[in-house]
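Listed below are the residues making up each chain.
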Amino acid sequence: MVASEQALVTGKQLDTLSINTIRTLAIDAVQQANSGHPGAPMGLAAVAYCLWQEFLRYDPEDPKWLNRDRFVLSNGHASMLLYALLHLAGVREVAKNGEVLKELAVPMEEIKRFRQLGSRTPGHPESHVTTGVETTTGPLGQGVGNSLGMAIASKWLAANFNRPGFEVFNFNVYAICSDGDLMEGIGGEAASLAGHLKLSNLCWIYDHNRVTLDGPADWSFSEDVATRFVGYDWNVTRVTDANDLEMLARAFETFQKTTDRPTLIIVDTHIGYGSPHKQDTSAAHGEPLGDEEVRLVKKFYGWPEDVKFLVPEGVREHFRDGIGRRGHDARAQWTTMFAEYSQKYPELADRLHRMQRRELPEGWNKNLPTFPADAKGVATRESSGKVLNVLAQNIPWLIGGSADLATSNKTTLKFEGAGDFQAGSYAGRNLHFGVREHVMGASVNGLTVSGIRAFGATFFNFSDYMRPSIRLAALMEAPSIFIFTHDSIGLGEDGPTHQPIEQLASLRAMPNLVVIRPGDANEVVEAWKIIAQLQHQPVALVLTRQNIPTFDRTKYNAASGTARGGYVLADAPGGKPDVILIGTGSEVSLCVDAYEKLKTEGIKARVVSLPSWEIFDDQDASYKESVLPSAVTARVSVEMAATFGWERYVGLKGRMIGMHRFGASAPLKDLLKFFGFTTEAVVAEARKAMAEN
């Protein structure tokens, strides 16, 4: 045997050794935790290995490199596949301040603590917990939805930042997905939009193992996925043996050569590969293999049967010489190029620096409008659109769109040069998601974790369609912006199918989400100031369809109080009220009207505008006491939504005016009278509150 042939054999042996290391680390971690999903990592190990070792442009020594390829594990239950890769590739930990540390993001002790309290290896990947995890995945379909946003981000960044001779951005996005990801409706939405936009930088790797949690996939899933994706205008290729590295490599090469559409690689895998009793069964999906089966599997792999968490000599070095060296060289070339780019285009380089750190440009709040007092007023969706257009001019990386409702949401960016993001024309600031609320939310998250400040808009009632994405944004501490208009029964004739009732209470219950429902046009301005400065929290901005008065701020207190979540808008003489009226959004004006009526009767009232419970609750005790003094127990809340949760502000003796059923289809004035949202009703409840306290 000649030396070159011996090296080739050794190389193939190292490939097999590395792949089986990934498999056995997953098996041992799941077994030790007595919880997890071993089957998918066993079946996908060779696929992921081939991608990372030969194709993924990623430097483990700088996991935040701007032009790195993104890898998304959409079937997040296979998390040990990703953790094993992060460990073996030697991905470094990144501190909260962005500093790359010498320690590993996933050291062996963290693999041994898989699914344990406080570990960096939770059951499903979490981006704010584990460096190297690009996005938080778990609910099936969300990861592929995020990957769509990341691919859009790559195209948008390239169109806006690349210059002749300086290809700053050209990263690809790879997502491994399962049968479940493609069964979920969001997967279809993502595939449809990706094909429409011709996102040639997007590659999905379909783990076609024919098994779901309950049993064989053909119990519920028999469609021709390849034909479906051809219909979406994707390039489709197939790998019939998940362990054939040459065939896998050809598939990835096909993706990289495709320039006019996204690519789906269907890989026929065996869940629980190597398990004599559980391969190709649902038993390998969601539970440990068991000690005896683990020994049999390791025997099949030619592995020491009783050794746990083994990384054989040469495996780490093999990864270092593969993805490590390729990634290092690619980043070094890019860094040299970017240094020259920074000198030639300092303003663009500064933008990228700020985007990466979630900082704002100088003058981000210049020229924001101030709205004059107006009894007729303006809908907060209208004032929001005006503020958004100014803010987007000040923040060049603020982009977004609507689920086919931009004209209703007032979210179209209309200033010169804003443009539309479309296939082959990727510089535009206006995204068109179509009637796809589910994937709009997930795409906004994908854009946000890529450094772009992104927003998505629809009617408030359809936030129900977006709830998983909103929740994941809150969980991963991503400052995604969700704009919701048509916020109450105030939309009138469209009726209860479109009138949100329980949505406010539902979103307020979500940890780490900021909900803002501004009470007039100037509160909208202040709300957008809050939103722009958020770095680790998503926001739901809730806006009216109907006109509401713009308050006379020479008569009432300044809208700047919005920054503290709640403030005294109108007060009793000497600041000593007998009753407090508390409202949000369009109902604040009802409180003001009732306040004026009570004043004529000699009753001392206070009006509190409370646009954001979350921000108000974060204020210090003395401020909250100054707004809602504990001595004043006569309180009335007014909000055209479910009253759930208002007890915390009105107390056990307070009164609540709200919705206790679904809405109705009728003109607004009839609905307000029917449901009791009138000045007279608020005055009456104020009197009752005073009488009972």
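See the structure shown above.
Attention here is on the structure that accompanies the text. Keep in mind that this is a model prediction, so the values were computed, not measured.

## Topic: the sheet that holds strand β20 (residues 655–659)
Right, on to step 1. The strand order across the open sheet built from 5 strands is β16-β18-β17-β19-β20, with neighbouring strands paired in mixed fashion. In this open sheet, the two strands that pair with only one neighbour each are β16 (567–570) and β20. The mean inter-strand angle of the sheet, taken between neighbouring strand axes irrespective of direction, is 25°.
Right, on to step 2. Here 4 bridges tie strand β17 (residues 579–583) to strand β19 (residues 635–642), and the two strands are oriented parallel to one another. Counterpart to Leu-581 in the pairing with β19 is Val-636.
Right, on to step 3. Its contacts with the sheet put helix α24 (residues 679–691) on β17, β19 and β20, and the angle it makes with β20 is roughly 150°.

## Some points on the nonpolar core
Where a protein is soluble and globular, its nonpolar side chains tend to be buried together.
Right, on to step 1. Counting 108 residues, the largest nonpolar core has Trp-204 and Trp-528 as the members making the most contacts within it.
Right, on to step 2. Counting residues per element, this core draws most heavily on helix α5 (residues 142–161), which supplies 9 residues.
Right, on to step 3. One finds Val-30, Ala-84, Ala-251 and Val-267 within the second-largest nonpolar core, a separate group that totals 58 residues.

## What about the packing of aromatic side chains?
Right, on to step 1. Taken as a whole and judged by the stated rule, the model has 33 aromatic pairs.
Right, on to step 2. Here the aromatic residues Trp-65, Phe-166, Trp-334, Phe-338, Tyr-341 and Tyr-345 are joined through ring pairs into a cluster of three or more.
Right, on to step 3. Looking at Arg-70, its charged tip hangs above the ring of Phe-171, at a distance of 4.0 Å from the centre.
Right, on to step 4. Over the ring of Tyr-623 we find Arg-564; its NZ or CZ atom is 3.8 Å from the centre of that ring.

## Brief notes about the pattern of salt bridges
Right, on to step 1. For the structure on display, the rule yields 36 salt bridges.
Right, on to step 2. A salt bridge links Lys-198 to Asp-233; the shortest N-O distance between them is 3.0 Å. Residue Lys-198 is located in the loop between α7 (185–197) and β5 (202–208), and its partner Asp-233 is located in the loop between α8 (225–231) and β6 (235–239); the two are separated by 35 residues in the primary sequence.
Right, on to step 3. When its relative accessible area of 35% is taken as the criterion, Lys-198 is described as partly exposed.
Right, on to step 4. The residue Glu-382 makes a salt bridge to Lys-410 at a minimum N-O spacing of 3.7 Å. Here Glu-382, found in helix α13 (residues 380–394), pairs with Lys-410, found in the loop between α14 (406–409) and β10 (430–432); they are 28 residues apart in sequence, far enough to count as distant.
Right, on to step 5. A relative accessible area of 28% places Glu-382 in the partly exposed class.
Right, on to step 6. With relative accessibility at 27%, the residue Lys-410 sits in the partly exposed group.
Right, on to step 7. Among the charged side chains, a network of salt bridges with common partners joins Lys-198, Asp-233, Asp-260 and Arg-261.

## Brief notes about the packing of α7 against helix α15 (residues 437–448)
Right, on to step 1. As a packed pair, α7 and α15 sit with axes 8 Å apart at the nearest point and diverge in direction by 75°. Between α7 and α15, the crossing angle belongs to the class labelled roughly perpendicular. Where α7 approaches α15, its residues Ile-186, Glu-189 and Ala-190 are matched on the opposing element by Glu-437, His-438, Val-439 and Ala-442.
Right, on to step 2. For the contact of α7 with α15, the per-class residue count stands at 4 nonpolar, 1 polar and 2 charged.

## Let's talk about the pairing of strand β7 (residues 263–268)
Right, on to step 1. Judged by how many residues are buried, β7 sits mostly within the fold: 6 of 6 residues are covered.
Right, on to step 2. Here β7 shows two buried faces, one formed by Thr-263, Ile-265 and Val-267 and the other by Leu-264, Ile-266 and Asp-268.
Right, on to step 3. Of the pairings in the sheet, the one linking β6 to β7 comprises 5 bridges and is parallel in character. By the bridge assignment for β7, Val-239 is matched with Val-267.
Right, on to step 4. You can see the chain leave β6, run along helix α9 (residues 245–257) and come back into β7, and the turn it takes is right-handed.

## Let's talk about unusual backbone geometry
Right, on to step 1. Notably, Phe-309 is not glycine yet its phi reads approximately 55°, a positive angle.
Right, on to step 2. One can find Phe-309 in the loop between α10 (291–301) and α11 (315–344).
Right, on to step 3. Look at Phe-309 and you get buried, because its relative accessible area is 9%.
Right, on to step 4. Even without being a glycine, Arg-358 presents a positive backbone phi close to 55°.

## A short note on the packing of α11 against helix α12 (residues 346–356)
Right, on to step 1. Across the interface, α11 lies against α12 with an axial gap of 5 Å and an inter-helix angle of 120°. In terms of orientation, α11 lies oblique with respect to α12. Between α11, through Phe-338, Tyr-341, Ser-342, Gln-343 and Lys-344, and α12, the contact on the second element is made entirely by Pro-346, Leu-348, Ala-349 and Leu-352.

## Quick word on the environment of Lys-298
Right, on to step 1. As for its placement among the helices and strands, Lys-298 is situated in helix α10.
Right, on to step 2. Note on Lys-298: relative accessible area 1%, which makes it buried.
Right, on to step 3. With 275 residues separating them along the chain, Lys-298 and Arg-23 place their C-alpha atoms 9.5 Å apart.
Right, on to step 4. The residues contacting Lys-298, other than those within four sequence positions of it, are Thr-24, Asp-28, Trp-303, Pro-304, Glu-305, Val-307 and Lys-308.

## Focus: the environment of Phe-319
Right, on to step 1. Note on placement: Phe-319 falls in helix α11.
Right, on to step 2. Residues Phe-319 and His-87, 232 residues apart in the sequence, show an inter-C-alpha distance of 10 Å.
Right, on to step 3. Not counting chain neighbours up to four residues away, the residues in contact with Phe-319 comprise Ser-18, Ile-22, Tyr-49, Gln-53, Leu-85, Leu-88, Ala-89 and Gly-324.

## Things to note about the sheet that holds strand β9 (residues 398–402)
Right, on to step 1. Pairing is parallel across the open sheet formed by 6 strands, whose spatial order is β10-β9-β11-β12-β14-β13. Of all strands in the sheet, those bounded by a partner on one side alone are β10 and β13 (514–516). Pairwise comparison of adjacent strand axes, ignoring direction, gives a mean angle of 20° for this sheet.
Right, on to step 2. The pairing of strand β11 (residues 453–459) with strand β12 (residues 481–485) spans 5 bridges and is parallel. Paired with Phe-455 across the strands is Ile-481, a residue of β12.
Right, on to step 3. Along the sheet face, helix α18 (residues 521–533) touches β11, β12, β13 and β14 (539–542) and points at about 165° away from the line of β14.

## Observations concerning the side chain of Thr-258
Right, on to step 1. Along the chain, the position of Thr-258 falls in the loop between α9 and β7.
Right, on to step 2. Judged by its relative accessible area of 14%, Thr-258 is buried.
Right, on to step 3. Within polar-contact distance, the side chain of Thr-258 engages the backbone oxygen of Thr-254 at 2.7 Å.
Right, on to step 4. Setting aside chain neighbours within four positions, we find Thr-258 in contact with Ser-200, Asn-235 and Thr-263.

What counts, and at which threshold
- Residues numbered from 1 in each chain as written.
- Predicted model: local features only at pLDDT ≥ 70, side-chain atom pairs only at ≥ 80, totals over all residues.
- Heavy atoms only, no water.
- Pairing = 2+ DSSP bridges.
- Helix = DSSP H or I, 4+ residues; strand = E, 2+ residues; numbered from the N terminus.
- Axes fitted to C-alpha atoms, helices over the stretch in contact; angles between N-to-C directions.
- Contact = heavy atoms within 4.5 Å.
- Core = buried A, V, L, I, M, F, W, Y, C linked by side-chain atoms within 4.5 Å.
- Buried < 20%, exposed > 50% of the residue type's maximum accessible area, 1.4 Å probe, protein only.
- Phe/Tyr/Trp six-rings, centres within 6.5 Å; stacked < 30°, edge-to-face > 60°.
- Lys NZ or Arg CZ within 6 Å of the ring centre and 35° of its normal.
- Salt bridge = Lys/Arg side-chain N within 4 Å of Asp/Glu carboxyl O.
- Parallel < 35°, antiparallel > 145°, perpendicular 65-115°, else oblique.
- Nonpolar A, V, L, I, M, F, W, Y, C, P; charged D, E, K, R; others polar.
- Right-handed = clockwise from strand over helix to strand, strands pointing away.
- Polar contact = N/O pair within 3.5 Å; in protein donor to acceptor, adjacent residues only side chain to side chain.

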